[in-house]
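One letter stands for each residue in the lines below.
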Amino acid sequence: MEIYETLDLIKWGEKELLKSGVECALHDANTLMCYSQDADSFRNCIEKRVSRYPLQYILKETDFMNARLKMEDGVFIPRPETEILVEKALEVISNIASNTINTLEIGTGSGNIAISLTKNITNCKIIASDISDLAIKTARENAAVNLVSDRVKFVKSDLFRDIPRTYYSYFDIIISNPPYIRRGKIADLEPEISYEDIRALDGGWDGLDFYRQILDEGRKYLKAGGVFLFEIGHDQGEAIFKITKQYQELNGFKLFKDYNGCDRVVIAWIS
């Protein structure tokens with residue numbers, strides 16, 4: 001395409017996206033122009049984005065920390081704030097004196113957390129689970145592309161259902177970015193959410209269902225001194241602290257804010 005035609009198309013695309021309520025209209029138009037092979041391809045991509053179809057699904061990929069990830073329709077899209085969870089996990093891991101850091105991830109989605117941890121910590125070995133067949137397939141492909149397949153094992157499991165009891169008192173870390181949206185609030189979120197798997201979003205009536213279940217069952221899988229790390233909703237820190245207080249063996253709790261001052265990461269450890 002000629003440069004003038006390209007600029008005109010980008011302006012048109014930005015205008016169409018703005019009309020549909022896309023906040024980063026110029027960014028998305030520029031990104032889709034780089035992705036498109038010709039003018040017709042670009043127009044088709046803009047039409048998809050106008051319907052609020054997620055940019056990551058159109059591009060079939062996304063970036064997370066130092067990893068390029070393939071994305072499939074319906075697989076939970078990694079958010080930038082989850083990088084804070086990974087950063088805190090890396091800090092925790094750096095203070096564990098062990099030849100191998102055995103880690104369990106609940107709800108791996110595209111594999112972004114597990115892949116980022118293993119790319120940054122060479123002695124980190126992870127079992128990563130998800131209830132979705134498509135998520136597991138996508139995560140395995142992403143691990144292969146990022147050259148960490150030898151240190152991440154992906155398992156289809158509804159929470160701990162298919163994590164054998166032989167792993168009781170085995171893991172140094174259990175990490176999760178579980179569904180935490182209050183069920184009644186899902187319909188109020190941006191339209192892009194409707195294209196994702198609702199199982200990765202719906203945290204029950206108060207958004208805390210999965211924290212209760214992971215803490216209750218997961219404490220059996222953590223060794224003494226083991227650590228839970230969670231991403232949480234913007235106002236859920238106090239509520240999750242109250243949940244941890246139900247278990248005598250959980251004798252430590254830290255809450256970390258994101259860059260906007262909202263609750264974002266919880267660390268709880270077991271005696």
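All of these numbers come straight from a predicted model, not from anything done at the bench.

A. Examining the overall build of the protein chain more closely. Each helix and strand counted, the protein chain has nine helices and nine strands in total. On C-alpha atoms alone, the protein chain measures out to a radius of gyration of 20 Å, which is about the 18 Å that the 2.2 N^0.38 rule sets for 271 residues. Across its three principal axes, the protein chain shows a C-alpha extent of roughly 65 × 40 × 30 Å. The buried share of the protein chain, reckoned over its 271 residues, is 52%. A separation threshold of at least 6 residues defines the contact pool for the protein chain, and within that pool the share at least 24 residues apart is 64%.

B. Local environment of the pattern of salt bridges. Inspection of the entire model under this criterion finds 27 salt bridges. Put simply, E192 and R52 hold a salt bridge, and the shortest N to O gap is 2.9 Å. Here R52 lies in the loop between helix 3 (39-50) and helix 4 (55-59) and E192 lies in the loop between strand 6 (171-176) and helix 8 (209-218), a separation of 140 residues in the sequence. On the basis of relative accessible area, E192 is assigned to the buried category, the value being 12%. For the salt bridge of E217 with K220, the shortest nitrogen-to-oxygen distance reads 3.2 Å.

C. Inspection of the side chain of N142 at higher detail. Within the secondary structure, N142 sits in helix 7 (residues 133-145). With relative accessibility at 1%, the residue N142 sits in the buried group. Contact partners of N142, with chain neighbours within four places excluded, come to L69, K70, S110 and I115.

D. Quick look at unusual backbone geometry. If you check the backbone angles, R52 has positive phi at about 70 degrees while not being a glycine. The class for R52 is buried, based on a relative accessible area of 15%. The phi torsion at M65 lies on the positive side, around 50 degrees, for a residue other than glycine. Assignment of secondary structure puts M65 in the loop between strand 1 (61-64) and strand 2 (67-70).

E. Up close: the packing of aromatic side chains. Tallied over the full model, the rule gives eleven aromatic pairs. Relative to Y57, the ring of Y53 has its centre 5.8 Å away and its plane inclined at 55 degrees; by these criteria the two rings are tilted. Given the relative accessible area of 14%, Y53 is considered buried. Owing to a relative accessible area of 1%, Y57 belongs among the buried residues under this scheme. Summarising the aromatic geometry, the rings of Y211 and F230 are spaced 5.3 Å apart at their centres and angled 85 degrees between planes, so their arrangement reads as edge-to-face.

Definitions and limits used
- Residues numbered from 1 in each chain as written.
- Predicted model: local features only at pLDDT ≥ 70, side-chain atom pairs only at ≥ 80, totals over all residues.
- Heavy atoms only, no water.
- Helix = DSSP H or I, 4+ residues; strand = E, 2+ residues; numbered from the N terminus.
- Rg over C-alpha atoms; globule rule 2.2 N^0.38 Å.
- Buried < 20%, exposed > 50% of the residue type's maximum accessible area, 1.4 Å probe, protein only.
- Contact = heavy atoms within 4.5 Å.
- Salt bridge = Lys/Arg side-chain N within 4 Å of Asp/Glu carboxyl O.
- Phe/Tyr/Trp six-rings, centres within 6.5 Å; stacked < 30°, edge-to-face > 60°.

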